[in-house]
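Topology and contacts: notes
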Amino acid sequence: MVEIAVADHGQAAALACRLFVDLFSRKTNAVIGLATGSSPMEIYRMLGELAASNLLPDLSGISAFALDEYVGLPAGHAESYRAVLTREWTARLGLREDQLHVPSGDDSQLESAAKAFETALAGSGGVDLQLLGIGSNGHIAFNEPGGPLSSRTHVTSLSEQTRLDNARFFGSLDEVPARSMTQGLQTILEAERILLLAFGEQKAQAIAGAFEGPITRDLPASVLQTHPNVTVLVDEAAASAFSRLPLNSAKSWPLQDA
Ligand code: GLP
């Protein structure tokens, strides 16, 4: 079931924080699915503030799994997703390094790394709460349009659109890697609960197509329609291409059943 609510960026982050705090309080060994890109960063910042004020429960038993990683960046590159999540998640929440799992982007051993990542994920008991962003072409993680809907962790080639979109994090387009290691769509669908965030007009077509259109490999996010527990938080601009209005407002959105 997909629930869609309109919330501005700050409201969405605050709502997401409530879901996290509730999960951390209920489950000391919670498993979090982490996204990168700009959309979830405010959540990580807010959680970091709560951690700094000692307002979070003991997090020593939690673990987190990243969705994806660029292939071929030098180890420690500031824009590798391991580096980003170490800064934005591990450091802000005061966690140990071994509480974060990121697929390896080392291009000398990609196949075994994909298997190792799936094994670690299965061994964790599975993701309780998965954060997702969405690409302007409808990709989730780095599952680009055209790929199989049944995929597991694998190597992908990034589309030109995705490389252009992500060039803002690098010095130039040439520096954006051409490939990535990503959780597959089937891997992502195994999370217990999914929270997708989308802000800005550039996401409007992808969001409307993903949740109002058919399930198709041309729009990978559309596969989320098959998941039993997806919440989509969109700002007004990202909601602007929906034909089915009005959407729920986040203000009246019941989070008690979280
Ligand atoms: C990257 C990531 C995705 C993310 C997307 C959107 O491509 N691999 O996981 O959803 O960017 O990023 P943003 O939130 O910055 O729009």
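Refer to the structure printed above.
Quick summary incoming for the structure in this document. (Residues numbered from 1 in each chain as written. Predicted model: local features only at pLDDT ≥ 70, side-chain atom pairs only at ≥ 80, totals over all residues. Heavy atoms only, no water.)

Turning our eyes to something else, we now look at the packing of aromatic side chains. A ring pair, where both rings are aromatic, is described by two values, the distance of the centres and the angle of the planes. Within this structure, the stated rule accounts for eight aromatic pairs. Ring geometry for Y70 and Y81: centres 4.8 Å apart, planes at 50 degrees, overall tilted. Of the two residues, Y70 sits in strand β4 (residues 68–70) while Y81 sits in helix α3 (residues 81–93), which places them eleven residues apart along the sequence. Comparing Y70 with Y81 shows no difference in burial state: the two are buried. (Phe/Tyr/Trp six-rings, centres within 6.5 Å; stacked < 30°, edge-to-face > 60°. Helix = DSSP H or I, 4+ residues; strand = E, 2+ residues; numbered from the N terminus. Buried < 20%, exposed > 50% of the residue type's maximum accessible area, 1.4 Å probe, protein only.)

Turning our attention to the sheet that holds strand β8 (residues 179–182). Reading across from one edge, β4-β8-β7 is the order of the three strands in this open sheet, with antiparallel pairing throughout. Bordering the open sheet on either side are β4 and β7 (154–157), each of which pairs with just one other strand. Taken over all neighbouring pairs, the strand axes of this sheet differ in orientation by 25 degrees on average, direction set aside. For β4 and β8, the ladder comprises three bridges, and the chain directions are antiparallel. (Pairing = 2+ DSSP bridges. Axes fitted to C-alpha atoms, helices over the stretch in contact; angles between N-to-C directions.)

What follows is about the site of the ligand. Lining the immediate surroundings of the ligand are 13 residues, of which S38, S39, D68, R168 and K203 lie closest. Between an oxygen atom of the ligand and a main-chain N or O atom of I134, the distance comes to 3.3 Å. H139 places a side-chain nitrogen or oxygen 2.8 Å from an oxygen atom of the ligand. Protein contact buries 96% of the 390 Å² of open area that the ligand shows by itself. The residue inventory of the shell around the ligand, partitioned by class, reads four nonpolar, six polar and three charged. (Near = heavy atom within 4 Å. Polar contact = N/O pair within 3.5 Å; in protein donor to acceptor, adjacent residues only side chain to side chain. Areas by Shrake-Rupley, 256 points an atom, 1.4 Å probe, with all protein chains shown as cover. Nonpolar A, V, L, I, M, F, W, Y, C, P; charged D, E, K, R; others polar.)

Within strand β1 (residues 2–6), four of the five residues are buried, leaving the element largely enclosed by the surrounding structure. Looking at chain direction, β1 and strand β10 (residues 230–234) are connected through five bridges and run parallel. In the sheet register, E3 faces β10, and the bridge partner there is T231.

Positive phi, close to 55 degrees, is recorded for N54, a residue that is not glycine. Along the polypeptide, N54 turns up in the loop between α2 (41–52) and β3 (63–66). For A141, which is not a glycine, the phi torsion comes out positive at approximately 50 degrees. Looking at where A141 falls in the secondary structure, it is placed in the loop between β6 (129–132) and β7.

Let us now look at the pattern of salt bridges. Think of it this way: side chains of opposite charge can pair up when their charged atoms draw near. Overall, the coordinates contain nine salt bridges when judged by the stated rule. Across the pair R26 and D22 runs a salt bridge whose closest N-O atoms are separated by 3.0 Å. One end of the pair is R26 and the other is D22, both in helix α1 (residues 9–26) and four residues apart, which spans about a single turn. Under the relative-accessibility criterion, R26 is labelled exposed at 54%. You can call D22 partly exposed: its relative accessible area is 28%. Salt-bridge contacts for E42 lead to R45; the nearest nitrogen and oxygen are separated by 2.7 Å. (Salt bridge = Lys/Arg side-chain N within 4 Å of Asp/Glu carboxyl O.)

Attention shifts here to the side chain of E118. Tracing the sequence through the fold places E118 in helix α4 (residues 110–123). We classify E118 as buried; its relative accessible area is 15%. Polar side-chain contacts of E118 include one of 3.0 Å to the side chain of R152. Residues within four places of E118 in sequence aside, it is in contact with R152, T153 and T187. (Contact = heavy atoms within 4.5 Å.)

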